[in-house]
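Descriptive analysis of the structure
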Amino acid sequence: MTESPAAAAPAVRRAVPQDGPALGELDRATWSTLHAVQPRPQPPYEPFFDERHLPRDILVAEVVNEAGVRGLAGYIRVVPPTPLACNAHVRQIQGLAVAGWARGRGAGRALVRAGCLAARGEGANRMTLRVLGHNAPARALYEAEGFTVEGVLRGEFFLDGRYVDDVMMGRPLAP
């Protein structure tokens, strides 16, 4: 049985090791200087999961696709920003990607909300992130979800022939 794409809300779950190949493909398909400071990935591709990027740190969204089947639509990576005990109360979004076909269906918003909820469940009371200044869609999503600009590193990156700001945002995680 298939679901109506308009009626089905994104489902968010913790990643499992078997998601690795699909997440790697999604990461490569969504790569853009709008949000990436690393060079475009080239073959042979590194595995999506490694010792620094574990399934437990990733939440994935599944959305009903054009064929009416629920498919992997995006991910968010939420981790402690440092190994220091003095900021163990903080989690940081260190990656958010949504497939082109799933944009506008609530996957990004569902992932941000689920990431904040998961962080709160781990005892965090603050969420932070960094976003490129020219990434207006991501900044609008984060602002709509309660994040505010806490700092700007002007001209921090040189991408596609121009200097781009690195914007630091954060929000409290209400109990």
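Going by the structure above, here's the rest.
Keep in mind that this is a model prediction, so the values were computed, not measured. (Residues numbered from 1 in each chain as written. Predicted model: local features only at pLDDT ≥ 70, side-chain atom pairs only at ≥ 80, totals over all residues. Heavy atoms only, no water.)

1. Here we look at the overall build of the protein
For the protein, the helix and strand inventory stands at 3 helices and 7 strands. In the protein, the succession of helices and strands from N to C terminus is β-α-β-β-β-α-β-α-β-β. At 16 Å, the protein has a C-alpha radius of gyration in line with the 16 Å of a compact globule built from 175 residues. Considered along the principal axes of its C-alpha atoms, the protein spans approximately 50 × 45 × 30 Å. Sorting the 175 residues of the protein into buried and exposed places 40% on the buried side. Pairs at least 24 apart in sequence give 64% of the contacts found in the protein among residues at least 6 apart. Looking at charge distribution, the protein has the averaged site of its 20 positive side-chain charges lying 5 Å from that of its 18 negative ones. (Helix = DSSP H or I, 4+ residues; strand = E, 2+ residues; numbered from the N terminus. Rg over C-alpha atoms; globule rule 2.2 N^0.38 Å. Buried < 20%, exposed > 50% of the residue type's maximum accessible area, 1.4 Å probe, protein only. Contact = heavy atoms within 4.5 Å. Lys, Arg positive; Asp, Glu negative; His and termini not counted. Charge placed at Lys NZ, Arg CZ, Asp CG, Glu CD.)

2. A short note on the packing of aromatic side chains
Tallying each qualifying case throughout the model produces 4 aromatic pairs. Here the aromatic rings of Phe48 and Phe49 are separated by 5.2 Å at their centres, their planes lie at 80°, and the arrangement is edge-to-face. Phe48 sits in the buried class, given a relative accessible area of 14%. On the basis of relative accessibility, which here comes to 16%, the residue Phe49 falls in the buried class. The ring centre of Tyr45 lies 3.9 Å from the NZ or CZ of Arg28, which sits over that ring. (Phe/Tyr/Trp six-rings, centres within 6.5 Å; stacked < 30°, edge-to-face > 60°. Lys NZ or Arg CZ within 6 Å of the ring centre and 35° of its normal.)

3. Quick notes on the pattern of salt bridges
Following the criterion strictly, the structure yields 10 salt bridges and no others. A single network of salt bridges, built from pairs that share partners, joins Arg13, Asp19 and Glu62. (Salt bridge = Lys/Arg side-chain N within 4 Å of Asp/Glu carboxyl O.)

4. Focus on the sheet that holds strand S5 (residues 126-132)
In spatial order, the strands read S1-S2-S3-S4-S5-S7-S6; together these 7 strands make up an open sheet with mixed pairing. Lying at the two open borders of the sheet, with one neighbouring strand each, are strand S1 (11-14) and strand S6 (148-159). Across the sheet, the mean angle separating the axes of adjacent strands is 25° when strand polarity is ignored. Relative to strand S2 (residues 58-64), S1 is paired through 4 bridges, and the arrangement is antiparallel. Paired with Arg13 across the two strands is Val60, which belongs to S2. Across the sheet, helix H1 (residues 20-30) is in contact with S2, strand S3 (70-79) and strand S4 (90-98); its angle to S3 comes to roughly 85°. (Pairing = 2+ DSSP bridges. Axes fitted to C-alpha atoms, helices over the stretch in contact; angles between N-to-C directions.)

5. Observations concerning H1
Regarding H1, the residues found buried are Gly20, Leu23, Gly24, Leu26 and Thr30. Looking down the long axis of H1, one finds its buried residues gathered within 160° of arc, a one-sided arrangement. Seen from the buried face of H1, the exposed residues on the opposite side, beyond 90 degrees, are Pro21, Glu25 and Ala29. Contacts made by the buried residues of H1 are with S2, S3 and S4. (Arc of directions from axis to C-beta.)

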